[in-house]
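Here is how the chains run, residue by residue.
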Amino acid sequence: MVTVVKPHKTRICIDPKDLNRAVKREHYPMRTVEEIMPHLPGAKIFTVLDAESGFWQIKLDQESSKLCTFNTPYGRYRFTRLPFGVKSAPEVFQRTMSQLLEGLTGAECIVDDVLVWGIDVPQHDERLYAVLNRIQSSGLKLNRSKCKLRMTEVSYVGHLLTKDGLKPDPEKFDETEFDVNFISQLPLTSSRVETFKLATADDPQLPQLKSVILIGWSLDRKDVPACVQDFWNIRDELAVVGDLVFKGNKLVVPRALQAEMLEKIHEAHLGITKCKQRARDVLFWIGMNKHIEDFVSQCTICNENKKSRGGRYPEIVKLTDWSSKTTITALKSVFARHGIPDEIMTDNGPQFSSTEFRRFSQAWEFTHRHQAQRIHNRMVKLKDQYRLSR
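Rules used in this analysis
- Residues numbered from 1 in each chain as written.
- Predicted model: local features only at pLDDT ≥ 70, side-chain atom pairs only at ≥ 80, totals over all residues.
- Heavy atoms only, no water.
- Helix = DSSP H or I, 4+ residues; strand = E, 2+ residues; numbered from the N terminus.
- Buried < 20%, exposed > 50% of the residue type's maximum accessible area, 1.4 Å probe, protein only.
- Contact = heavy atoms within 4.5 Å.
- Polar contact = N/O pair within 3.5 Å; in protein donor to acceptor, adjacent residues only side chain to side chain.
- Patch = residues over 30% accessible without salt bridge, like charges linked within 9 Å, V, L, I, M, F, W, Y side chains within 5 Å.
- Areas by Shrake-Rupley, 256 points an atom, 1.4 Å probe, with all protein chains shown as cover.
- Salt bridge = Lys/Arg side-chain N within 4 Å of Asp/Glu carboxyl O.
- Pairing = 2+ DSSP bridges.
- Axes fitted to C-alpha atoms, helices over the stretch in contact; angles between N-to-C directions.
- Phe/Tyr/Trp six-rings, centres within 6.5 Å; stacked < 30°, edge-to-face > 60°.
- Arc of directions from axis to C-beta.
- Parallel < 35°, antiparallel > 145°, perpendicular 65-115°, else oblique.
- Left-handed = near helix turned anticlockwise from the far one by under 90°.
- Core = buried A, V, L, I, M, F, W, Y, C linked by side-chain atoms within 4.5 Å.

Draft legend 1. Quick look at the environment of K247. Locating K247 in the fold gives a position in strand 13 (residues 244–247). The class of K247 is buried, set by a relative accessible area of 11%. Each C-alpha atom of the pair K247 and W285 lies 9.1 Å from the other, and the pair is 38 residues apart in sequence. Each residue touching K247, except ones within four places of it in the same chain, is listed here: I234, E237, L238, V252 and F284. At a separation of 3.2 Å, a polar atom in the side chain of K247 contacts the side chain of E237.

This is the structure in structure tokens:
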């Protein structure tokens, strides 16, 4: 799950890389301003209507909703509306909006931005009335603060529509708000972001990769520069934001900083699997998984701990009381970090014998076993380990 902070609200997105590998993108054309301009002869009056929350207005069926499940410290949740992050979402939404406006004269749309135009005010208003009636009957909700009504020139998808034709939008000459917000989500200080930008510019691959991304990929891999062919299979996931390269929501790390990132990934001396999970949330480079495996397997401290304690690290959670509610909340937090186990063994404490805990185990689909003596022996061993690690 990824949060994108925008003015006055926070947008929740998911990064369903496993789901996206299985999803087949719809073959529905995504429109551009240049394609709709020939449909606007003599246009002088414009209105732009913005669909509130975009993709979230598309309801998911039960099967699709279950595929959009995500974990939190408070339990598992699933989207009932089309979430941001699913790779087929733009085409699905474009098709839905195009079908909504089908048959209406003087109305065009690019994703969630509806454009209504006319050669004069009466014609424009007649067309706008028809569009609003269609929108109202469909149940589509509009964002009033972003709607622009009866304008002689209007900003539309990065361009300025005027009575004299299409012009560049002067606001787009500045770095976009998206770039600023996206980069601000990185777990890096502003100075570290600058370090990444400089290292990206000096990298043997990334400047050429940025150029290919911005210009467009060739249809055949053999026509791509040799230095960026390693990225061919993930080309649809790559983007350039504020002089940095991203794979989805993950920052592509320049070669000069990869060793430093390995140090940071393993600074808590987690195992190979946990280090990979930690890195995959925010970072990417070609061969990262193999580099992590090699780095962790060669860690002197980890190897010494394996010899002395079998390589097992206890996770200790301090509870404010022994109630079932507090215990369940702590376990949910652990599950969010490590995944839901198949089985949990506990002693016979009242917090584990309660109806509330039984319902929790059923809802979260794990087996709960009471093993008082085994737990006692395990706790003695953990105390010995903790004494050694202090």
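Draft legend 2. Broad picture of a nonpolar patch on the surface. On the surface, a nonpolar cluster with roughly 340 Å² of combined accessible area is contributed by V317, L319 and W322. Residue placement: L319 occurs in the loop between helix 12 (300–309) and helix 13 (324–338). On the accessibility criterion, L319 (34% relative accessible area) is partly exposed.

Draft legend 3. View of the sheet that holds strand 3 (residues 45–50). Across the sheet, 4 strands lie side by side as 6-7-3-8; this open sheet has antiparallel pairing. Looking along the sheet, the strands with just one partner apiece sit at the ends: strand 6 (107–110) and strand 8 (148–151). Geometrically, the sheet is characterised by an average inter-axis angle of 15 degrees between neighbouring strands, direction not taken into account. Where strand 3 and strand 7 (residues 113–118) come together, 6 bridges link them in antiparallel fashion. Within strand 7, the position partnered with L49 by the bridge is V114. Across the face of the sheet, helix 5 (residues 121–138) comes into contact with strand 3, strand 6, strand 7 and strand 8 while running at roughly 150 degrees to strand 7.

Draft legend 4. Examining the packing of aromatic side chains more closely. Summed over all chains, the structure comprises 9 aromatic pairs. Judged by centre distance (5.5 Å) and plane angle (55 degrees), the rings of F55 and F93 are tilted. Pair noted here: F55 is in the loop between strand 3 and helix 3 (62–67) and F93 is in helix 4 (residues 89–100), with a separation of 38 residues, a long-range link. Under the relative-accessibility criterion, F55 is labelled buried at 12%.

Draft legend 5. Looking closely at the environment of F366. Among the structural elements, F366 can be located in the loop between helix 15 (355–363) and strand 17 (367–370). Looking at F366, the relative accessible area reads 6%, which means it is buried. Sequence-wise, F366 and E343 are 23 residues apart; in three dimensions their C-alpha atoms are separated by 5.3 Å. With sequence-adjacent residues up to four places away left out, F366 is seen in contact with F335, P341, D342, I344, F360 and S361.

Draft legend 6. Seen up close, helix 15. Along helix 15, the positions that sit buried rather than exposed are F357, F360 and S361. Relative to the axis of helix 15, the buried residues are bounded by an arc of 95 degrees and lie together on one face. Of the residues in helix 15, the exposed ones pointing more than 90 degrees away from the buried face are R359, Q362 and A363. After helix 15 finishes, the residue E365 shows a positive phi value of roughly 60 degrees.

Draft legend 7. A look at the packing of helix 10 (residues 272–280) against helix 11 (residues 288–297). In the contact formed by helix 10 and helix 11, the axes pass within 10 Å of each other and the chain directions differ by 140 degrees. Viewed along their axes, helix 10 and helix 11 adopt a mutual orientation that is oblique. The handedness of the crossing between helix 10 and helix 11 is right-handed. Across the interface between the two elements, I272, C275, K276, A279 and R280 of helix 10 pack against M288, N289, I292, E293 and V296 of helix 11.

Draft legend 8. Spatial organisation of the nonpolar core. Formed by 41 residues in total, the largest nonpolar core has its most connected members in F46, V114, L115, V131 and Y156. Counting residues per element, this core draws most heavily on helix 4, which supplies 5 residues. Listed in part, the 19 residues of the second largest apolar core include V193, F196, L244 and F246.

Scope: geometric values only; no functional claims are made or implied.
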